[in-house]
Each structure stands twice: as C-alpha cells, then as structure tokens.
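# Residue-level structure breakdown
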Amino acid sequence: MAYRAALITGASSGIGAALARALPAATDLVLAGRDRAALDALAQELARPGRAVTSVAADLSTDAGRQAVIAAGEAARIDLLANNAGLGFFGPVVRNRAEDERLTVEVNVVAPVVLTRALLPGMLERAEAGGGRAGVIVVCSISAFLPIPRLATYAASKAFDLHYAEALAAELEGRPCDVVALCPGFTRTKFGERSGMKPWMFHAAAAPERVAQAALDALARRKR
C-alpha cells in the first residue's frame, strides 16, 4: 500500500471513514463528503507529522461539488481514488420523491464517472513516470447482481458501477493501475437509516472496517 495520496468520497462515516483509517500513515488524504464537522473531526484524528489531510465538504450530486472534489484531488496529486459516496431510497419508485431518484443517479453513477475521467489521466501519468502504481476503488454492492424491488434505482445504479469498474479494469490491463469493484452486502453504516430501511435488515451486517480492509487487500493482489 505505497500510495502517496488518496481521495475518498463519502469519507465522513461508514466504509469511507474506515478506508481512511486503514490506509498507512504515510498516505496523504483528501476526505470528501457533505458533513463538514465529521470530515474535520476525521481529518484531525488522522493527521500525523508530515502527513497532509484535507477535508472537502461538497455535494457530489452537483457539478460544483464534483468540480471542488476534482480540484482537491488534482492538487494533492492522488494515486488512489475511492469512489465510495452513495445513497439510495427504500420504497416503490412511484412513491419515492422524484428528486431522490435523481439524486441517487447523480451520486452513484454520474459522480464516479466524472471523477474517474477527470483524475485518472493524471494518476496514470504519475504512475508511469515514477514507476509506481495507481488504484481505483468503485464501491458497488451485492445489489449490483440482481434487480431489487423497493431499491430499484439504487440496485440499477450499482449494476452500472460494477460494469463500469470491470470494463475500466479491462481497458487498463498492462498499465500501472489496479481497479477494484467492491460489492459488500449489508454493512453497518448510516445508509440503512438514511434510505428508510428497517433496522432488523442489518442484524447480521458486516463491520465497515472489514469491508474496507477487503478492498485494500484486493488492490494489493493486483488482479482484475
């Protein structure tokens, strides 16, 4: 895990925060999310002498928010991008707010595509010039593998993420960049509460720390 700098979206809690904590202390961090107070607290927790930790409060459902995160990633010269931010809303499509359905696609689909396309060229250039490796994590979901009524838009968005990550990995074969499509099942994060799902659905949920470590272990194996 010799990454010089990592950008993690959705870093204020859950899997994103666990990824930030799991990375070596030598890795600079750009922590992006909507909760400024939580991001600043995490940045303070993870700060070390000689380590740069930057927090970026931004809404990835907007062009302005995405551009702010991209600018921070470019400034930090990242070589690891974790597209972790995500949201979804539990209920039938016709009963969910139209705005919430759109937000799901903006954050889960548009944001990873826009951030990856903007940041990956520089990541590849630096890896090739310096003899290192870059990495991209796309947090998908076990729901990427089948349609799920009452999570229709969320599951469809995660299917997109899975296909995008797998195709990206194939395109990057032979280049110094590893891609991981992370597909966790139920995980103890704030997603369930925010989506309107029932607490009992998460009774056997995995710890976010375990999921984050699985992602980093997969990157280290350098296999598609």
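Within each chain, residues carry numbers counting from 1 in the order of the written sequence. Where local features are concerned, this predicted model is filtered to residues with pLDDT of at least 70; where side-chain atom pairs are given and counted, the filter is 80 or more; whole-chain, interface and lining totals use all residues. In computing side-chain values, all of the structure's heavy atoms are included and hydrogens and water are not.

On to the overall build of the protein chain, then. Here a strand is any run of E in DSSP of at least two residues, a helix any run of H or I of at least four, and the numbering for each starts at the N terminus. Of the regular secondary structure elements, the protein chain holds seven helices and six strands. Counted from the first residue to the last, the protein chain has its helices and strands arranged as β-α-β-α-β-α-β-α-β-α-β-α-α. Radius of gyration: C-alpha atoms only; globule rule: 2.2 Å multiplied by the number of residues to the exponent 0.38. Compactness check: the protein chain gives a C-alpha radius of gyration of 17 Å against a globular reference of 17 Å for 224 residues, within 12% of the reference. Taken along its principal axes, the extent of the C-alpha atoms in the protein chain is 50 × 40 × 35 Å. Each residue gets one of three labels from its accessible area relative to the maximum for its type: buried under 20%, exposed over 50%, partly exposed in between, using a 1.4 Å probe on protein chains only. Across the 224 residues in the protein chain, those meeting the buried criterion constitute 52%. When contacts within the protein chain are restricted to residue pairs at least 6 apart in sequence, those whose partners lie at least 24 apart make up 67%. Only the protein chains shown count as covering a residue, and every accessible area follows the Shrake-Rupley method with a 1.4 Å probe. Summing over all exposed atoms, the protein chain offers an accessible surface of approximately 10800 Å²; the carbon and sulfur share of this is 55%. In this tally Asp and Glu are treated as negative and Lys and Arg as positive; neither His nor the chain ends contributes. Throughout, a charge is located at the NZ atom of Lys, the CZ atom of Arg, the CG atom of Asp or the CD atom of Glu. One way to put it: in the protein chain the 26 positive side-chain charges average out to a point 4 Å from where the 22 negative ones average out. Contact definition: two residues touch when any of their heavy atoms are within 4.5 Å.

Strand order in this open sheet of six strands is E3-E2-E1-E4-E5-E6, and the pairing throughout is parallel. Strands at the two margins of the open sheet, each flanked by one partner only, are strand E3 (53-57) and strand E6 (177-182). This sheet shows a mean twist of 10 degrees between the axes of neighbouring strands, independent of strand direction. In this description, strands pair whenever DSSP reports at least two bridges between them. Looking at chain direction, strand E1 (residues 5-9) and strand E4 (residues 80-83) are connected through three bridges and run parallel. When the sheet's bridge partners are listed, Leu 7 is paired in E4 with Leu 81. The sheet contacts of helix H4 (residues 98-130) involve E1, E4, strand E5 (134-139) and E6, and relative to E4 the element is tilted by about 165 degrees. Axis lines are fitted to C-alpha atoms, over the contacting stretch for helices. Their N-to-C directions set the angle, which ranges from 0 to 180 degrees.

Relative to the elements of secondary structure, Leu 29 occurs in strand E2 (residues 28-33). In sequence terms Leu 29 and Gly 73 are 44 residues apart; their C-alpha atoms lie 9.2 Å from each other.

Next up on the list: the side chain of Lys 158. Secondary-structure assignment places Lys 158 in helix H5 (residues 152-171). Apart from the residues within four sequence positions on either side, Lys 158 is in contact with Asn 108, Val 139, Cys 140, Ser 141, Ser 143 and Ala 144.

Another point: the packing of aromatic side chains. Whether two aromatic rings pair depends on their centres lying within 6.5 Å, for rings of Phe, Tyr and Trp, where Trp uses its six-membered ring; planes under 30 degrees apart make the pair stacked, over 60 edge-to-face, and the rest tilted. As enumerated under the stated definition, the model contains one aromatic pair in all. Aromatic pair Phe 160 and Tyr 164: ring centres 6.0 Å apart, planes at 10 degrees, arrangement stacked. You can see Phe 160 and its partner Tyr 164 sitting in helix H5, four residues apart, about one turn around the helix.

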